[in-house]
Amino acid sequence: MNRRHALQALGCLMLRPAGAHAGNGIALDALRSGGALLLRHALTEPGIGDPPGFRLDDCSTQRNLSAGGRAQARAAGEALRARDVKMDAVYSSAWCRCIDTAKEMFPELQVEVLPALNSFFAGQGERERQTAALRQWIAALDDGLRVALVTHQVNVLALTGDNLAMGEAIVVQPDRRGGVRAAGRLAL
């Protein structure tokens, strides 16, 4: 692990507010009461998108988590557990970097692929259909249920308007009108 990744892993030992969003206490309290921790996958190897010809069924063809990203995800999961934030379920995009983030953060839970979380970067997928499906899925969450949703920057941006860095998260909850509301942002 190089110095930059070591510093990033060390920095993710604490949850901290980002930007002008609500502080961690508000976001964590909201999550404890139920909703979704919507996460952008942890740090990856350098690059944007995936190599030409990548395949979802072959992680070796994709841009994957870096060693620092694996450490970042483990530390984020530990930080949540230390703050008594427990997830009831974890869902992920089909991309390996998202599944691996979910497995590192929540090793005690089975990771399920949720197609609405799949990337639609560079013309893949269907932005409007997937965003509507994700909004509807979150809006239908049972009261008090806490889920982690690991996805990509474009998906989070389309749903919430927030442009998250790798490893950041936003807590979203059903608004009881068929939509979702953001309860606070977390840098993990």
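Now for a look at the structure at hand. (Residues numbered from 1 in each chain as written. Predicted model: local features only at pLDDT ≥ 70, side-chain atom pairs only at ≥ 80, totals over all residues. Heavy atoms only, no water.)

### Notes on the side chain of Asn64
So, point 1. The topology assignment puts Asn64 in the loop between β1 (35-40) and α3 (67-82).
So, point 2. Under the relative-accessibility criterion, Asn64 is labelled buried at 19%.
So, point 3. At 2.8 Å, the side chain of Asn64 and the backbone oxygen of Cys59 are in polar contact.
So, point 4. Side-chain polar atoms of Asn64 contact the backbone oxygen of Gln62, separated by 3.1 Å. (Helix = DSSP H or I, 4+ residues; strand = E, 2+ residues; numbered from the N terminus. Buried < 20%, exposed > 50% of the residue type's maximum accessible area, 1.4 Å probe, protein only. Polar contact = N/O pair within 3.5 Å; in protein donor to acceptor, adjacent residues only side chain to side chain.)

### Digging into the packing of aromatic side chains
So, point 1. Applying the stated criterion to the full structure yields two aromatic pairs.
So, point 2. Both rings, one in Tyr91 and one in Trp137, keep their centres 4.8 Å apart while their planes meet at 75 degrees; by these two values the pair is edge-to-face. With Tyr91 in strand β2 (residues 89-92) and Trp137 in helix α5 (residues 127-139), this residue pair connects regions lying 46 residues apart in the sequence.
So, point 3. Its relative accessible area of 24% is what places Trp137 among the partly exposed residues. (Phe/Tyr/Trp six-rings, centres within 6.5 Å; stacked < 30°, edge-to-face > 60°.)

### Considerations on helix α6 (residues 153-160)
So, point 1. Judged by how many residues are buried, α6 sits mostly within the fold: six of eight residues are covered.
So, point 2. Those residues of α6 that fall on the buried side of the exposure criterion are Gln153, Val154, Asn155, Val156, Ala158 and Leu159.

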